[in-house]
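Residues per chain are reported as follows:
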Amino acid sequence: MATITLEQEINPWEAQAARFDFAARKLNLDEGLWKVLRYPSREIIVHFPVAMDDGRIEVFTGFRVQHSQARGPGKGGIRYSPDVNLDEVRALASWMTWKCAVVNIPFGGAKGGVICDPKKMSMGELERMTRRYTAEIIEFLGPEKDVPAPDMGTNEQVMAWIMDTYSMHMRQTVTSVVTGKPLNIGGSRGRKEATGRGIGIVCDEALRHLGMQRDGCRVIIQGFGNVGSNAARIMMEKGYKIIGIAEYDGGLYNPNGIDIDQLFEFRQRNGTVLGFRGAEAFDPHELLLTDCEILIPAATENVITSRNADRIKARVICEGANGPTTAVADEILADKKVFIIPDILANSGGVTASYFEWVQDRQGYFWKEALVNEQLESILAESFDDVVRYSEAHAVNNRIAAYMLAIDRVAFTIKQRGIYA
Ligand SMILES: NC(=O)C1=CN([C@@H]2O[C@H](COP(=O)(O)OP(=O)(O)OC[C@H]3O[C@@H](n4cnc5c(N)ncnc54)[C@H](O)[C@@H]3O)[C@@H](O)[C@H]2O)C=CC1
Ligand SMILES: O=C(O)CCC(=O)C(=O)O
């Protein structure tokens, strides 16, 4: 690989493109289809005013990028963060296309974001901002066009506001325009926990594949938000030992295992994991490099880079976050024979349950949680198997195998549909 700067290494769009180019080359992808799939099909940027609580008018910038709608409506979360930017949303939208294709659900890929700090905004400000952002991009949304969902900094309440704003403009309630909604307004049982549950499922599959034991298997998780906390809880119930939790403001370590239910309660009460008595305080950066069988980065991008990959001790990395590992780090980890469950497979439980939610909303018939979990397990176990078999058949690592499988499926659909207007 040509020498690149750290700035290029950690640009998520470059990271996505590097893997896409590699996989497309391996597939001998037709040059025209390569060009079609390399770039998003639509990029929307909006600047819109919001009345703040103190009477000021603030102007916010929002994005919605639709990478591909070849296999179905665009699908993907909305991120509220001070750092969100167009290249990040582009990468996240492309990853959604590949993710939906890996699990073979009928969606394309999209992602959105608003530059803001939700932790510093009141509920009223968040609601006004969400409603105005929705109104600005409304013609591009819809159950058959583009269906948002939660991501970092957004939650069920934000989805409820988006659904309500869209419905007001349509003059009727349209629940299937977003997923990850509260249960009583068209949400699905099991969606909130699904990304974490999916991580547990693919970790089980990885252990089976590698001939490793689940009981007592030591796990370290970065991020104790929706994905990380649910993965921790569900995996603890299965018999895994969660020995470390890294958050942005500090970490926790207990070689005998952390009681995740107690930590969950503590975090609810105190708004932080710091000060929890069931584990010792630990440097969160060092936790990523601490001895364990499975490391689950479930917070944000670029946490495993050329700067720390050679010091990772985990046997398995299961990517709960999108884009936690850079392309340069991939090469270092391959030399160390670390088994990576790539993001577009590892965290696909969320969008898979979103697919179930969209189906339920359109049918007006709501499933029991056991059915959601059973279908989730079946799709994820099969997708894990598809990726590992593809990797063995083509002598590539799991990430490139997942990209190849996905690109192949999307390219096939584009060819079938044709490209003439
Ligand atoms: N929510 C979902 O269903 C899905 C989320 N993802 C991805 O999973 C990741 C996490 O998303 P959510 O859990 O939904 O977000 P969240 O906002 O609920 O939680 C993120 C957590 O990570 C922590 N965090 C942020 N930066 C950190 C850092 N540098 N070091 C340690 N901790 C840090 C935050 O304090 C927060 O507790 C993101 O990459 C997201 O794109 C992927 C698939 C589905
Ligand atoms: O549930 C969804 O539709 C998308 C979740 C998401 O944003 C992701 O998988 O990264």
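Residues numbered from 1 in each chain as written. Chains lettered and ligands numbered in written order. Predicted model: local features only at pLDDT ≥ 70, side-chain atom pairs only at ≥ 80, totals over all residues.

Looking at the pairing of strand β2 (residues 57–68)
By the bridge criterion, 10 bridges tie strand β1 (residues 42–51) to β2 in an arrangement that is antiparallel. Note on β2: the bridge partner recorded for proline 49 is valine 59. In this sheet, strand β4 (residues 109–115) lies alongside β2 in antiparallel orientation, the contact comprising six bridges. When the bridges of β4 are listed, serine 68 appears paired with glycine 109. (Pairing = 2+ DSSP bridges. Helix = DSSP H or I, 4+ residues; strand = E, 2+ residues; numbered from the N terminus.)

Some points on the site of ligand 2
Near ligand 2 there are 13 residues, and of these Gly77, Ala149, Gly350, Val351 and Ser354 occur at the shortest range. Contributions of two or more residues to the shell around ligand 2 are made by β3 (74–81) and α13 (349–363). Of the residues assigned to the shell around ligand 2, the class counts are two nonpolar, eight polar and three charged. (Near = placed C-beta within 6 Å. Nonpolar A, V, L, I, M, F, W, Y, C, P; charged D, E, K, R; others polar.)

Description of unusual backbone geometry
In this model, asparagine 104 sits at a positive phi of 60°, which is unusual for a non-glycine residue. The residue asparagine 104 is located in the loop between α4 (86–102) and β4 in this model.

Overview of the UniProt feature "site: Important for catalysis" (unreviewed entry) in the protein
What UniProt calls "site: Important for catalysis" (unreviewed entry) maps, in this numbering, to Asp151. Note that aspartate 151 resides in the loop between β5 (146–150) and α6 (156–170). Those residues in contact with aspartate 151 that lie beyond four places of it in its chain are Gly77, Ile78 and Arg79. (UniProt positions renumbered as here; feature names shortened; annotations may be inferred. Contact = placed C-beta atoms within 7 Å.)

A few points about the site of ligand 1
With respect to spatial proximity, 24 residues lie near ligand 1, and among them Gly223, Gly225, Ala299, Ala321 and Gly350 are the closest. Elements that contribute at least two residues to the shell around ligand 1 include exactly α8 (226–238) and β7 (241–247). Ranked by the residues each element gives to the shell around ligand 1, the list is headed by α8, at three residues. Here the shell around ligand 1 spans two domains, since at least three of its residues come from each of domain 1 (41–176) and domain 2 (192–341). (Domains from an automatic or database assignment.)

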